[in-house]
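Next come the chains, spelled out residue by residue.
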Amino acid sequence: MRFQINTHFDLSMLQIQDSISASIRLGLSQLFSIEAEEIILQETKKEFEGTFTFVVFPYTKQAGMAPPMIAQKLGEFVQGNNDLVLSFQVVQGFLNLTLTAQTWVSILADSLADSDAFQLSPKKEKVLIEYSSPNTNKPLHLGHLRNNFLGFSVAQIMKAAGYEVIKTNLVNDRGIHICKSMLAYQLFGESETPESSGIKGDHLVGKYYVAFDKAYKAEIETLKQSGRTEDQAKAEAPMLLKAQAMLLAWEQQDPEVLALWERMNSWVFAGFEKSYAQMGVDFDKIYRESNTYLLGKKLVDEGLSQGVFYQKPDGSVWINLEAEGLDEKLVLRKDGTSVYITQDMGTAQLKYEDFGANQSIYVVGNEQDYHFEVLFHILKKLNKPYSTGNFHLSYGMVDLPSGKMKSREGTVVDADDLMAEMVQTAKERTMELGKIDGFSEEESNTLFNHLGMGALKYFLLKVDPKKRMLFNPAESIDFQGNTGPFIQYTYARIKSIVRKASEMNISTSWTVEPSITLASAEQELVYLVAQYKLKIEEAAAQMAPSVIAQYVYDLAKQFNKFYNELSIINEEDALKQKIRLSLVEMTGKTIQQAALLLGVIVPERM
RNA sequence: GGCUCCGUAGUUCAAUGGAUAGAAUGUAGGUUUCCGGUACCUAAGAUGAAGGUUCGAUUCCUUCCGGGGCCA
């Protein structure tokens, strides 16, 4: 039996891997009577000859033979039975397989012919992604940028992988924190508005949150001087008592308090909208905790009657999760007010009613790891239909070289400021290089935006989310190396070549002939381009934009190497010229699509 | 204190249990007749410590050290 593919002119990477895996499986069976479950092919390391590597060590015992012997026999078998394989090399227990020249041409032909090259077929599953989750008492900061870019990118990746995706944002718009801003505004605001002050709405509200803190601290000092302990002073300070009273009034629907709350929230939402537009992120639905907490309370009642929760003598409601390796957890305070987890229960219910998704992803910082573990356990105990498919996409804090990022310490990096700074830097760099002659002012500004934001997004997304990372503003504005602008530059370079070729009327259509061979720099580029869909699957399975970031960087790097080694437009052989040009075009499209998955827009010229 | 995450070149980041641990940056040096030099090529440079499992450990297990987070 021979493994042959009829249409040798058109082979996807997946078909090739499957074909070779099948040959290896057959070889193991016929030569050694080993029925392997799964054949795993790896990429051959660069220092060795070959494309795919099969590791035979695991079969040593069953075959009763030394690894190099197994590899030798298996190599001979595969070479003799699979037309795609030209030759093989054995290094210890590693079997390295080299593909025929024609196989490479077929792979390229397949990539070029694939009308759905960047979209996987529908998976018929609905995925809900909740991200951003701001508080309405202050503007967004650096940590939010990581959150928003992550959430948006994962959504893009899941869509490309064939999922139906719904993006949601749960805004924390109620609670003591917003009352603090409101109180300070009442006391010191003097009817200031975003319009009258020229301050962006979220920043204006944030200003009063800071004002509250300042006044509160001053009161604490005074109380301490009159003999109170630190704790007493903190609990007795009039500012805090007033804020607490305001929260109570809010819960009792006090018209005046509600009016102020709505007014200030509208400022914040208007401000957030601008920030989101600048970030390039969006949502299908925005939820507010002020609308979900009551539903959460209902679920608490339900759980009480089911015996999932229990009430302590003081009236507070708890759940015991000791059997799950956790401890007791409060779900409702003794005064009947809800805690975060109460609201999250309500939101989960509401999201299920609205969308009924198969999977629900929460993009939230890792300081909430415990919180989500508890939430998911509670949903299971309540036996809700939405208790499965929940995943907390947890990410680490973004550090600054100077230390931690905490608003209290005043070293917080504001998201709007940072984005503006990145765009400004992009502008300065681009002006220095003077390559944008003929750009209108609007075109220039769009370009600066894409470059600055691309640098920022790529920088934050290339790192594994769960790791704490260091953001160095000074280094991030360096447009060299493994960065967004490097990728954008490579794309612009490709487009320049394509434009020139088009002016010269060079065609990109060609047909597969047995005589065609590809240089190694071409093969490597073909290999990467053909891997696009596999990378999407991988990134979607791991919910990891970093997989895409690494991929698009490798692709850009390999293109530049190819460009350095081989002529494209200047190639004299007409067929080679066409093939290379078609590969260049395909590489450009692939870079563009991959970058888009990260939310990075690549410019035609820069 | 309990639980949890992290520890890799000077620095910032990679590596489904596989080969000589990859990049970038910085440092030192180099690049054709060139289609965009923000490119390409070369060199030096790292797995916190000790055990264990394995043919093979950055990866899995145990203890310790260091850092972060959550719960008190």
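On a predicted model such as this, the values are computed, not experimentally measured, just so you know.

Caption draft 1: View of the overall build of chain A. Secondary structure assignment for chain A yields 22 helices and 14 strands. If one aligns the C-alpha atoms of chain A with their principal axes, the spans along those axes are about 90 × 65 × 40 Å. Looking at the 606 residues of chain A, the share that counts as buried comes to 53%. Partitioning the intrachain contacts of chain A with sequence separation of at least 6 by distance along the chain shows that 74% fall at a separation of at least 24. Of the roughly 28200 Å² that chain A leaves accessible, carbon and sulfur atoms contribute 49%.

Caption draft 2: Expanded view of the environment of Ser-191. Considering the arrangement of structural elements, one finds Ser-191 in the loop between α6 (176-188) and α7 (194-197). Assessed through its relative accessible area of 59%, Ser-191 is described here as exposed. With residues up to four places along the chain from it excluded, the contact list for Ser-191 reads Tyr-185 and Ser-196.

Caption draft 3: Structural context of unusual backbone geometry. Although it is not a glycine, Gln-253 adopts a positive phi angle of roughly 65°. Relative to the assigned elements, Gln-253 resides in the loop between α10 (238-251) and α11 (255-279). Backbone geometry places Met-543, a non-glycine residue, at a positive phi of 50°. Structurally, the position occupied by Met-543 is in the loop between α20 (532-542) and α21 (545-565).

Caption draft 4: Expanded view of the packing of aromatic side chains. Scanning all chains against the criterion turns up 22 aromatic pairs. Taking 5.5 Å as the distance between ring centres and 80° as the angle between the ring planes, the aromatic pair formed by Phe-57 and Phe-94 counts as edge-to-face. With Phe-57 in the loop between β2 (52-55) and α2 (60-63) and Phe-94 in strand β4 (residues 94-99), this residue pair connects regions lying 37 residues apart in the sequence. Cluster of aromatic residues (ring-pair linked, three or more members): Tyr-131, Phe-272, Tyr-276 and Phe-283.

Caption draft 5: Molecular detail of the pattern of salt bridges. Applying the stated criterion to the full structure yields 22 salt bridges. Linking Lys-200 and Asp-416 is a salt bridge whose minimum nitrogen-to-oxygen distance equals 2.7 Å. Here Lys-200, found in the loop between α7 and α8 (201-225), pairs with Asp-416, found in helix α15 (residues 415-433); they are 216 residues apart in sequence, far enough to count as distant. Its salt-bridge partner being Asp-399, residue Arg-468 comes within 2.4 Å of it at the nearest N-O pair.

Caption draft 6: View of the nonpolar core. Grouped together as the largest cluster of nonpolar side chains are 165 residues, with contacts concentrated most on Ile-24, Leu-28, Phe-54, Ile-129, Leu-145 and Leu-456. Core analysis: the next-biggest nonpolar cluster, separate from the first, contains 24 residues, Val-300, Val-308, Val-364 and Ile-378 among them.

Caption draft 7: View of the sheet that holds strand β8 (residues 310-311). Pairing within the open sheet is antiparallel, and its three strands lie in the order β8-β9-β10. Lying at the two open borders of the sheet, with one neighbouring strand each, are β8 and β10 (328-332). Here β8 pairs with strand β9 (residues 317-320) via two bridges, running antiparallel. Looking across to β9, one finds that Tyr-310 is bridged to Trp-318. Across the sheet, helix α12 (residues 289-306) touches β8, β9 and β10, and the angle it forms with β10 is around 125°.

Caption draft 8: Broad picture of the domain arrangement of chain A. Partitioning chain A into structural domains gives domain 1 (13-99), domain 2 (171-281) and domain 3 (423-597). Centre-to-centre, using C-alpha coordinates, domain 1 lies 67 Å away from domain 2.

Caption draft 9: View of the pairing of β9. Between β8 and β9, which pair antiparallel in sequence order, lie five residues; one of them, Gly-315, sits at a positive phi of approximately 100°. Of the pairings in the sheet, the one linking β9 to β10 comprises four bridges and is antiparallel in character. Looking at β10, one finds that Ile-319 is bridged to Lys-329.

Caption draft 10: Representation of the protein's contact with RNA strand B. Neighbouring residues of RNA strand B: 49 residues in total, closest Phe-94, Asp-464, Arg-468, Arg-493 and Leu-566. Separating a sugar or linking oxygen of RNA strand B from a backbone N or O atom of Asn-482 is a distance of 3.4 Å. Between RNA strand B and Ala-492 there is a distance of 3.4 Å, counted from a base oxygen to a backbone nitrogen or oxygen. Put simply, the parts of the chain that give the surface near RNA strand B at least two residues each are β2, β4, β14 (469-470), α18 (484-503) and α21. In terms of residue count, the dominant contributor to the surface near RNA strand B is α18 (seven residues).

Cut-off values and rules
Residues numbered from 1 in each chain as written. Chains lettered and ligands numbered in written order. Predicted model: local features only at pLDDT ≥ 70, side-chain atom pairs only at ≥ 80, totals over all residues. Heavy atoms only, no water. Helix = DSSP H or I, 4+ residues; strand = E, 2+ residues; numbered from the N terminus. Buried < 20%, exposed > 50% of the residue type's maximum accessible area, 1.4 Å probe, protein only. Contact = heavy atoms within 4.5 Å. Areas by Shrake-Rupley, 256 points an atom, 1.4 Å probe, with all protein chains shown as cover. Phe/Tyr/Trp six-rings, centres within 6.5 Å; stacked < 30°, edge-to-face > 60°. Salt bridge = Lys/Arg side-chain N within 4 Å of Asp/Glu carboxyl O. Core = buried A, V, L, I, M, F, W, Y, C linked by side-chain atoms within 4.5 Å. Pairing = 2+ DSSP bridges. Axes fitted to C-alpha atoms, helices over the stretch in contact; angles between N-to-C directions. Domains from an automatic or database assignment. Near = heavy atom within 4 Å. Polar contact = N/O pair within 3.5 Å; in protein donor to acceptor, adjacent residues only side chain to side chain.

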